[in-house]
Amino acid sequence: MKLASHDKSSSLLPRRRFLMGTAGLIGATALPVPAWAKGVSMQHAAKGFGTMSGEDIRLDIQNSHYSTGGRSGHAQTVNGSVPGPLIRLKQGQNVRLHVTNHLEEDSSIHWHGLLLPFQFDGVPGVSFPGIKPHETFTYEFPIRQAGTYWWHSHSGLQEQAGLYGPLVIEASDGSDARFDRDYIVLLSEFTPVHPHEIMRKLKVGEHYFNRQMQSATDGNMSGDERRMWGAMRMNPRDVSDVTGSTYTFLMNGHGPADDLEYLFKPGERVRLRIINGSAMTFFNMRIPGVPMTVIQADGQDVLNHEVDELQIGVAETYDVVVTPPDGSHALVAEAMDRSGMAIASLTSHPGHKATAPALRETPTLTMADMGMGMEMGAMAGMSGMDGMDHGAMGHGQMGGGTMDHSKMSHSMRDTSILPEDVATGPGVDMVSPMPVDRMDYPGLGLENVGHRVLRYTDLRAKRANPVRAIEREIELHLTGNMERYMWSFDGRKYAAVKDDPIRFGFDERVRVTLVNDTMMAHPIHLHGHFFEIVNGAEQTRQPRKHTLVVQPGGKAAFDLTADEPGDWAFHCHLLYHMHAGMMQVVTVRPFPA
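Quick notes on the rules
Residues numbered from 1 in each chain as written. Predicted model: local features only at pLDDT ≥ 70, side-chain atom pairs only at ≥ 80, totals over all residues. Heavy atoms only, no water. Core = buried A, V, L, I, M, F, W, Y, C linked by side-chain atoms within 4.5 Å. Buried < 20%, exposed > 50% of the residue type's maximum accessible area, 1.4 Å probe, protein only. Helix = DSSP H or I, 4+ residues; strand = E, 2+ residues; numbered from the N terminus. Domains from an automatic or database assignment. Contact = heavy atoms within 4.5 Å. Arc of directions from axis to C-beta. Pairing = 2+ DSSP bridges. Salt bridge = Lys/Arg side-chain N within 4 Å of Asp/Glu carboxyl O. 1 Å grid on protein atoms, 1.4 Å probe; cavity = no way out; pocket = protein on both sides within 12 Å on 5 of 7 lines; lining within 4 Å. Points joined across faces, edges and corners; volume = space filled by probe spheres on them. Nonpolar A, V, L, I, M, F, W, Y, C, P; charged D, E, K, R; others polar. Polar contact = N/O pair within 3.5 Å; in protein donor to acceptor, adjacent residues only side chain to side chain.

J.: Explain the nonpolar core to me, please; I cannot follow it from the model alone.
T.: Soluble, globular proteins show a tendency: their nonpolar side chains are buried together. Ranked by internal contacts, the top residues of the largest apolar core, which has 148 residues, are Trp 111, Met 251 and Tyr 576. In terms of residue count, the dominant contributor to this core is strand E12 (residues 181-190) (6 residues). Among the domains, domain 1 (35-171) and domain 2 (413-589) are the pair contributing at least three residues each to this core. Leave out the neighbours within four places in its chain, and Trp 111 touches Leu 59, Ile 87, Leu 97, Leu 116, Phe 120, Asp 121, Tyr 139, Phe 141, Trp 150, Trp 151 and Leu 167. Counting residues in hydrophobic clusters, the runner-up holds 5 residues, among them Ala 330, Val 332, Met 341 and Ile 343.

J.: How do you make sense of helix H4 (residues 195-204) when you look at a structure like this?
T.: Quick reminder: α-helices carry 3.6 residues per turn. Residues three or four places apart thus point the same way. Taken together, the buried positions of H4 are occupied by Pro 195, Ile 198, Met 199, Lys 201 and Leu 202. Burial along H4 is one-sided: seen end-on, the buried residues are contained in an arc of 165°. Contacts from the buried residues of H4 go to helix H3 (158-161) and helix H10 (575-580).

J.: Can you walk me through the sheet that holds strand E24 (residues 486-489) in this structure?
T.: By way of backbone hydrogen bonds, the strands of a sheet pair with one another, either parallel or antiparallel. Strand order in the open sheet formed by 6 strands is E24-E23-E26-E31-E28-E29, and the pairing between neighbours is mixed. Since the sheet does not close on itself, it has two edges, and those belong to E24 and strand E29 (544-545), each with one partner. Examined bridge by bridge, strand E28 (residues 531-533) and strand E31 (residues 555-562) share 2 bridges and lie antiparallel to one another. Bridge pairing in E31 places Ile 533 opposite Phe 558.

J.: Explanation requested: the pattern of salt bridges in the structure shown.
T.: A side chain of one charge can pair with a side chain of the opposite charge if their charged atoms are brought near each other. This structure, assessed with the given rule, holds 33 salt bridges. Of the charged contacts, one joins Arg 452 and Asp 308 as a salt bridge, the two residues approaching to 2.9 Å between their closest N and O atoms. Here Arg 452, found in the loop between helix H8 (408-411) and strand E23 (472-481), pairs with Asp 308, found in the loop between strand E18 (300-307) and strand E19 (309-312); they are 144 residues apart in sequence, far enough to count as distant. Here Asp 308 falls in the partly exposed class, since its relative accessible area comes to 22%. Overlapping salt bridges, with partners in common, bring together Arg 88, Glu 170, Asp 176, Asp 182, Arg 271, Arg 273 and Asp 319 in one network.

J.: Mind showing me how you'd approach unusual backbone geometry here?
T.: Only a minority of non-glycine residues have a phi that is not negative, and only a minority of peptide bonds are not trans. Geometrically, the link from Val 82 to Pro 83 is a cis peptide bond, its omega value of -10° lying close to zero. Along the chain, Pro 83 falls in the loop between strand E5 (81-82) and strand E6 (86-90). With a phi close to 55°, Asn 79 is a non-glycine residue in the positive phi region. Taking the relative accessible area as the measure of exposure, Asn 79 reaches 32% and is therefore partly exposed. Unusually for a residue other than glycine, Asp 298 sits at a positive phi of about 55°.

J.: Quick question: what am I supposed to make of empty space enclosed by the protein here?
T.: Any space left empty among the atoms is revealed by the rolling of a water-sized probe across them. Under the definition given, this model contains 6 cavities of 30 Å³ or more. Of the voids in this model, the largest cavity is the one considered here, and its volume is about 150 Å³. Considering the residues around the largest cavity, the lining is formed by 17 residues, among which Gln 311, Tyr 441, Pro 442, Tyr 456 and Gln 551 are closest to the centre. With 3 residues, E19 is the single largest residue contributor to the lining of the largest cavity. Split by residue class, the lining of the largest cavity holds 10 nonpolar, 4 polar and 3 charged.

J.: When you look at the pairing of strand E3 (residues 56-68) in this model, what are you seeing that I'm missing?
T.: Regular strands place their side chains on alternate faces of the sheet. Alignment of E3 against strand E7 (residues 94-101), held across 6 bridges, turns out to be parallel. Across the sheet, residue Ile 57 finds its bridge partner in E7, namely Leu 97. Both E3 and strand E4 (residues 71-78) contribute to a ladder of 8 bridges, which runs antiparallel. Counterpart to Ser 67 in the pairing with E4 is Ser 72. Where E3 folds back onto E4 in an antiparallel hairpin, the turn is made up of 2 residues, including Gly 69, whose phi is positive at roughly 50°.

J.: Mind showing me how you'd approach the layout of surface pockets here?
T.: Volume-wise, the second largest pocket comes out at about 500 Å³. Of the residues in the lining of the second largest pocket, the class split is 9 nonpolar, 8 polar and 9 charged. Formed jointly, the lining of the second largest pocket draws a minimum of three residues from each of two domains, domain 1 (35-171) and domain 2 (413-589).

J.: Quick question: what am I supposed to make of the environment of Asp 369 here?
T.: Of note, Asp 369 is situated in the loop between strand E22 (341-347) and helix H6 (373-381). Along the sequence, Asp 369 and Gly 553 sit 184 residues apart, while their C-alpha atoms lie 4.7 Å from each other. A polar contact of 2.8 Å, which involves the side chain of Asp 369, links it to the backbone nitrogen of Thr 366. Within the structure, Asp 369 has its side chain in polar contact with the side chain of Arg 438 (distance 3.0 Å).

J.: What am I meant to see in the pairing of strand E20 (residues 317-322) here?
T.: With respect to burial, E20 is a largely interior element, 6 of its 6 residues being buried. On E20, burial covers both faces: Thr 317, Asp 319 and Val 321 on one face and Tyr 318, Val 320 and Val 322 on the other are all buried. Here strand E15 (residues 270-276) pairs with E20 via 6 bridges, running antiparallel. Opposite Ile 274, over in E20, you have Tyr 318 as the bridge partner. Both strand E17 (residues 292-297) and E20 contribute to a ladder of 4 bridges, which runs antiparallel. Considered in E20, the bridge of Gln 296 is made with Asp 319.

Next up, the structure:
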């Protein structure tokens, strides 16, 4: 039998090439390789979470592997699960949280929404040095409040990789016992792509993950409107930076394919503690056919308000109560850009899966989202505008009104109209020429859904706030260059201002107005405090929150009594925006005697 010919030239490696290859191999192996990439055995992350309570709680941060619905990849976990454990505490107790970092990099845990001594807030470089590899840090503080909160890493992009979990504090008055069932609904995302690779892709192409760009024949926008958006070099479908093209949206760590169930019996009052623990996704939350009564926002009691849907920004929490009828109901958290959803069944029949609704149409931005004021935003969203000469809108007066529309295509790029204390340069590529208060806006895509949607103007504090006169007002601009993926406050990213914090006097009463000069909604979070959002309610009933969504092209204000001394992070809670520089430090001094 004739043997197949064998090409020796391809199989025999010349000695010179062998030596060069060996040298290269040695060089390559000398490079630092993270432990999770070395191919060693790694624990598979559990989905869902256990519960930890008491005065001494131990948490272990480690590398893991996670998979759901055909996607799998590296994860970072606490106690081996995604999300990490539910930490359940009681108002009035003391707690010691011993956090051990088993990673090969620094880590941290921040207790989101908690009132505590600033040195235990858990932000490296602001309130403590972070937790070094293989070291343990103990957080110790009294529990002064009640409500629904969460915790997450504040180191790098670890939160995206799985370092987050729920935190519930039972009220000392026993009021939490009035419900028949009490469930956590923690929303998040999983991606097999390493978070720093996501950041790199956003830097080189801000629309890398956007698969819903408007085409020439897609949508209801007229040709003139399309040309107008094009002339302004703006994308009306620039809704989310990172989308379902790489994200699987999770509910309590479960993807849609996992068929998560929440059980109930007909007639029961079920409390759902909804937490948006995602890195980058706003969710529209609804249970078709089942009204939801909002009872808390960001862990603080509000007067009951019934809705059919609510939009929850990143880092916000809402507690709702439902009394579902017999059957199986879809618990739907649809991504704001409609690129996917997290879903579970709220059912009185174990094992019976609710029917998932179809994703709705991708929303499209309007002129209001570019800071052209609500009037122009409403006009841009109107149908029947085909007869309007949009081509002329950038060059002349319209209708003889007082609004100068000649500014539309030019002033949004005219950074000279910004206040003098806002830095301009490559990091700022647009402004909001006519920003208006958008507290009454239900959120992108929910303007015309035909049912009741929560708005900030619906919220009223359940317990009256103390009345204090405003002593000082400040204005901050949320700025960015979306094409270069640069984000900042007042045109300065965090690296440029970390030694020049925002300064408040202890117990000072300040009104802070945030002007959003970008086309994206930003959930702005202040650590260590609650503020009262200025939403049209009388001062005593302004709802208390720790996170405020500032709508695109709009503005929003909050009143703050700076009564928690120390240094506190203040930032956009879109993880990649914060990482790019939309962060500051608030300093409250002096410490009380």
